[in-house]
Amino acid sequence: MSKARTMAAQALALRADQGQPLALWWRDDDAVQPSEPLDRLLQMTAEAGADLTLAVIPAPWDGPRTGRALAARLDDQPHVRVAVHGWSHQNHAAPGAKSQELAAHRPLPQMRDQLRDGLALLQDLHGPRALPLLVPPWNRIAPDLLPHLARDGFAALSTFGPETPVPGLAIVNTQLDVIDWHGGRSLRDPDALWRDLAQLAGSGRAHVGLLTHHLVHDAAIWDFLQDVIALAAQNGGQWRSVADLMEKP
Ligand SMILES: [Zn+2]
């Protein structure tokens, strides 16, 4: 067992001993249709007793809209909630800029219409399983959109990293992205992930969000996620539903 993993375990155990167990929540992005990797994720999280938030793309630019097939797959999965993953996950960034669908140069009314449509479409398909939670593709959103989200029906926003308050919205960010996007898209250095978890647990923050992308997981990523589940179970980490965290920002 690595030293970094031991540090993470000790940080979680200390929180539990102090009566302030670390709340963990799990966000997985880019779902559209049922798939074998999704089956694996659903089974893994159900067995762990971990609530799962699936960020679903309403209308992928390069494929059909999500629909009844995914909704039917989730109907017997009471531990799953659905969030709105932008509209089409199309990259509208200027050449050379970081990928972004909700980009600052796009017309605001168009983006607001699409996000409202995305929320309505997912609520129609998923009923109460669909939360008014916006997960911007690539975790980036034009600042000008933020003041309109509450008026357009959203109650919460989830990106990655430090939380910036937005009036009228709960902010439920993720902090632990297991994928090394720029280094082969496999697992990030596990010791770096454990050190991040230890630091987050030691910071006193109430909750930590785990970020995954089931469609691109390789064996190393699945194994690490199983290890996160084991570490949390053995050291007093508590999986929580994002719905609870949205109520207590
Ligand atoms: Zn995405």
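What this report covers is the structure whose coordinates are included nearby. This one's a predicted model, so the numbers in the text were calculated from it and none came from an experiment.

1. Some details on the coordination of the zinc ion
Distances from the zinc ion to its protein donors, namely Asp30 (OD), His85 (NE2) and His89 (NE2), fall within the range 2.1 Å. Going along the chain, you hit the donors of the zinc ion in the pattern D-x54-H-x3-H. Here the two residues His85 and His89 agree in accessibility, since each one is buried.

2. What to know about the packing of aromatic side chains
What the rule picks out here adds up to two aromatic pairs. Taking 5.6 Å as the distance between ring centres and 40° as the angle between the ring planes, the aromatic pair formed by Trp26 and Trp239 counts as tilted. Placement of Trp26 in strand E1 (residues 23–31) and of Trp239 in strand E9 (residues 238–239) is noted, with a sequence separation of 213 residues between them. Its relative accessible area of 0% is what places Trp26 among the buried residues. Across from the ring centre of Trp194, 5.5 Å away, lies the NZ or CZ of Arg5, which sits over that ring.

3. Comments concerning helix H2 (residues 36–48)
Along its 13 residues, H2 runs 18 Å from first to last C-alpha, staying within 8% of the 18 Å computed at 1.5 Å per residue. Every buried residue of H2 is listed here: Leu38, Leu41, Leu42, Met44 and Thr45. Across the axial projection of H2, the buried residues extend over an arc of 165°, all falling on one side. Across from the buried face of H2, at angles greater than 90 degrees, the exposed residues are Glu36 and Glu47.

4. Things to note about the pairing of E1
Put simply, side chains in a regular strand alternate between the two faces of the sheet. For E1, a buried count of eight out of nine residues is recorded, marking the element as mostly surrounded by other parts of the structure. Bridge count for E1 against strand E8 (residues 207–212) is six bridges, and the pairing is parallel. Paired with Trp25 across the bridge in E8 is Gly209. In this sheet, E9 lies alongside E1 in parallel orientation, the contact comprising two bridges. The residue bridging Leu24 from the neighbouring strand is Trp239, located in E9. As judged from the five bridges shared by E1 and strand E2 (residues 52–56), these two strands associate in the parallel manner. Within the sheet, the bridge partner assigned to Arg27 lies in E2 and is Thr53. You can see the chain leave E1, run along H2 and come back into E2, and the turn it takes is right-handed.

5. Notes on the side chain of Asp29
With respect to the helices and strands, Asp29 occurs in strand E1. With relative accessibility at 2%, the residue Asp29 sits in the buried group. Look past the residues within four positions of Asp29 in its chain and what remains in contact with it is Ala55, His85, Val135, Leu211, Thr212, His213 and His214.

6. Some remarks on the packing of helix H1 (residues 3–17) against helix H7 (residues 219–234)
Angle between the axes and distance between the axes: these two values describe a pair of packed helices. In contact at an axis separation of 9 Å, H1 and H7 are set at 40° when each is read in the N-to-C sense. With respect to each other, H1 and H7 are oriented oblique. Every pair of crossing elements has a handedness; the one defined by H1 and H7 is right-handed. Side by side, H1 and H7 meet where Arg5, Ala8, Ala9 and Leu12 of the first sit next to Asp227, Leu231, Ala232 and Gln234 of the second.

7. Quick look at the layout of surface pockets
Considered as a void within the structure, the largest pocket measures approximately 520 Å³ in volume. Taken together, 19 residues make up the lining of the largest pocket; nearest its centre are Trp138, Asn139, Arg140, Asp177 and Trp181. Ranked by residue count, the leading element in the lining of the largest pocket is E1, at three residues. Taken together, the residues of the lining of the largest pocket sort by class into five nonpolar, six polar and eight charged.

Reading the values: the criteria
- Residues numbered from 1 in each chain as written.
- Predicted model: local features only at pLDDT ≥ 70, side-chain atom pairs only at ≥ 80, totals over all residues.
- Heavy atoms only, no water.
- Donors = N, O, S within 2.8 Å, 3.2 Å for Na, K, Ca; no water.
- Buried < 20%, exposed > 50% of the residue type's maximum accessible area, 1.4 Å probe, protein only.
- Phe/Tyr/Trp six-rings, centres within 6.5 Å; stacked < 30°, edge-to-face > 60°.
- Helix = DSSP H or I, 4+ residues; strand = E, 2+ residues; numbered from the N terminus.
- Lys NZ or Arg CZ within 6 Å of the ring centre and 35° of its normal.
- Expected span 1.5 Å × (residues − 1).
- Arc of directions from axis to C-beta.
- Pairing = 2+ DSSP bridges.
- Right-handed = clockwise from strand over helix to strand, strands pointing away.
- Contact = heavy atoms within 4.5 Å.
- Axes fitted to C-alpha atoms, helices over the stretch in contact; angles between N-to-C directions.
- Parallel < 35°, antiparallel > 145°, perpendicular 65-115°, else oblique.
- Left-handed = near helix turned anticlockwise from the far one by under 90°.
- 1 Å grid on protein atoms, 1.4 Å probe; cavity = no way out; pocket = protein on both sides within 12 Å on 5 of 7 lines; lining within 4 Å.
- Points joined across faces, edges and corners; volume = space filled by probe spheres on them.
- Nonpolar A, V, L, I, M, F, W, Y, C, P; charged D, E, K, R; others polar.

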